[in-house]
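# Overview (structure and organization)
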Amino acid sequence: DPLKRSFSTGALTESPVSKGLLFAGTDRGAFWVSKNDGLSWEENDRGLANNYIRSICPSRFDKSRVYVAMTGINYDDLGAYLYVSTDLGKTWTSISAGLPNEPMNVVLEDPTNENILYAGTIRAVYISIDRGKSWSCFGDKMPGVAIADLEIHRNSNTLFAGTHGRGIYRIGLGPVY
């Protein structure tokens, strides 16, 4: 496969379990991996859509597993694009089945349970308790709003959702466990 022609980096992160293992995603679906603190990079995006990589979430449980949330909104594509790779991005599998057909902004793996994932879309937060095989809308007090980012505060076991234009929402994760 030829390299995907990209112009900007949309996401950059380091593995929480393997120092120097870096991941970068671009505006045209190119996914790059560095195993040496960025000295050299390898493009691993076979099976990814040619869309904007908004979020990369390396697993805390398996250094080879990584999740990607993508949006095609810049190209008038409002589909749902959420993927997982178990081989550092060499191959990708869609995990967006069961999600509404809307742009994905962020994906987050739960820090204490590898089977729980959270996805922030253009209208809501969704949860999966089976590592992306099925999804449910999460929380009943949040308005329909674009989710820009998700973070979990481990000490309080609270999920924080940063939104586009409606502030920050929080929800306790106790009932999830």
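What this report covers is the structure whose coordinates are included nearby. (Residues numbered from 1 in each chain as written. Predicted model: local features only at pLDDT ≥ 70, side-chain atom pairs only at ≥ 80, totals over all residues. Heavy atoms only, no water.)

### A short note on the sheet that holds strand S11 (residues 125-128)
In spatial order, the strands read S9-S10-S11-S12; together these four strands make up an open sheet with antiparallel pairing. Of all strands in the sheet, those bounded by a partner on one side alone are strand S9 (104-109) and strand S12 (136-137). Here four bridges tie strand S10 (residues 117-121) to S11, and the two strands are oriented antiparallel to one another. Among the inter-strand pairings, tyrosine 118 is bridged to a residue of S11, identified as isoleucine 127. (Pairing = 2+ DSSP bridges. Helix = DSSP H or I, 4+ residues; strand = E, 2+ residues; numbered from the N terminus.)

### Some words on the pattern of salt bridges
Enumeration according to the criterion identifies four salt bridges in this entry. Across the salt bridge formed by arginine 65 and glutamate 109, the nearest N and O atoms sit 3.6 Å from each other. Of this pair, arginine 65 sits in the loop between strand S5 (52-58) and strand S6 (66-72) while glutamate 109 sits in strand S9, placing them 44 residues apart in sequence. Looking at glutamate 109, the relative accessible area reads 4%, which means it is buried. Ionic pairing is found between glutamate 114 and arginine 65, a salt bridge with its closest N-O pair at 2.7 Å. (Salt bridge = Lys/Arg side-chain N within 4 Å of Asp/Glu carboxyl O. Buried < 20%, exposed > 50% of the residue type's maximum accessible area, 1.4 Å probe, protein only.)

### Quick notes on the packing of aromatic side chains
Within the structure shown, the criterion is met by three aromatic pairs. Relative to tryptophan 92, the ring of phenylalanine 31 lies with its centre 4.9 Å away and its plane at 80 degrees, an arrangement referred to as edge-to-face. A residue pair is termed long-range when its members are at least 10 positions apart, and phenylalanine 31 in strand S3 (residues 31-34) and tryptophan 92 in the loop between strand S7 (77-85) and strand S8 (93-94) qualify at 61 residues. Through a chain of ring-to-ring contacts, the aromatic side chains of Phe23, Phe31 and Trp92 assemble into a single cluster. (Phe/Tyr/Trp six-rings, centres within 6.5 Å; stacked < 30°, edge-to-face > 60°.)

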